[in-house]
Amino acid sequence: MKEAVKLFEGMDFSKVEETNARGQLLEASARALLAAGKKIKAIETFDTLLQSSIPDAWKDRINRELDQMADDFLALQHTLTHHQRTQHETSFTPQLRHRAPVAH
């Protein structure tokens, strides 16, 4: 994965005159960045692609994929938050069960 990222590092995409070829290179670069775990840089690269003059159908596909990534991230964040909360709540349960009765 890192080898693919290195392939695109320092590449000046603006020098690629043909729109379709430039778009394909930008998309390949963004996907290599995603695979290498560099999500922010990948999103920036996708944004550059979306601002170029690629066909609307291509932009729509990329936007749908970015929306799906955002949905997946939010779902994962919700799952992790729920798991942490459940883990926190259950970590105190044994202590609560063994408390001495309160004398009245």
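Only a predicted model underlies this, so the values are computations on that prediction, with no experimental measurement involved.

**Description of the overall build of the chain**
Reasoning step 1: Of the regular secondary structure elements, the chain holds 4 helices and 0 strands.
Reasoning step 2: Counting from the amino terminus, helix and strand elements in the chain follow one another as α-α-α-α.
Reasoning step 3: Counting only residues that meet the buried cut, the chain has 20% of its 104 residues in that class.
Reasoning step 4: Counting only contacts in the chain whose residues sit at least 6 apart along the sequence, the fraction spanning at least 24 positions is 37%.

**Some remarks on the pattern of salt bridges**
Reasoning step 1: Taken as a whole and assessed by the stated rule, the structure comprises 4 salt bridges.
Reasoning step 2: Where Glu27 meets Arg61, a salt bridge forms, and the shortest distance between an N and an O atom there is 3.0 Å. Taken together, the residues Glu27 in helix 2 (residues 19-35) and Arg61 in helix 4 (residues 56-97) connect sequence positions 34 residues apart.
Reasoning step 3: You can call Glu27 buried: its relative accessible area is 9%.
Reasoning step 4: Between Arg61 and Glu65 there is a salt bridge; the shortest N-O distance is 3.0 Å. Here Arg61 pairs with Glu65, and both are found in helix 4, just 4 residues apart, close to one helical turn.
Reasoning step 5: Accessibility expressed as a relative area gives 29% for Arg61, which makes it partly exposed.

**Focus on the packing of helix 2 against helix 3 (residues 39-51)**
Reasoning step 1: One can describe the packing of helix 2 onto helix 3 by two numbers: an axis separation of 8 Å at closest approach and a directional angle of 165°. In terms of orientation, helix 2 and helix 3 fall into the roughly antiparallel class. As for the relative orientation of helix 2 and helix 3, their crossing is left-handed in sense. Residues Gly23, Leu26, Glu27, Ser29, Ala30, Arg31, Leu33 and Leu34 of helix 2 touch helix 3, and the partners they reach there are Lys39, Lys41, Ala42, Thr45, Phe46, Thr48 and Leu49.
Reasoning step 2: Taken together, the residues of the contact of helix 2 with helix 3 break down into 7 nonpolar, 4 polar and 4 charged.

Definitions and cut-offs
- Residues numbered from 1 in each chain as written.
- Predicted model: local features only at pLDDT ≥ 70, side-chain atom pairs only at ≥ 80, totals over all residues.
- Heavy atoms only, no water.
- Helix = DSSP H or I, 4+ residues; strand = E, 2+ residues; numbered from the N terminus.
- Buried < 20%, exposed > 50% of the residue type's maximum accessible area, 1.4 Å probe, protein only.
- Contact = heavy atoms within 4.5 Å.
- Salt bridge = Lys/Arg side-chain N within 4 Å of Asp/Glu carboxyl O.
- Axes fitted to C-alpha atoms, helices over the stretch in contact; angles between N-to-C directions.
- Parallel < 35°, antiparallel > 145°, perpendicular 65-115°, else oblique.
- Left-handed = near helix turned anticlockwise from the far one by under 90°.
- Nonpolar A, V, L, I, M, F, W, Y, C, P; charged D, E, K, R; others polar.

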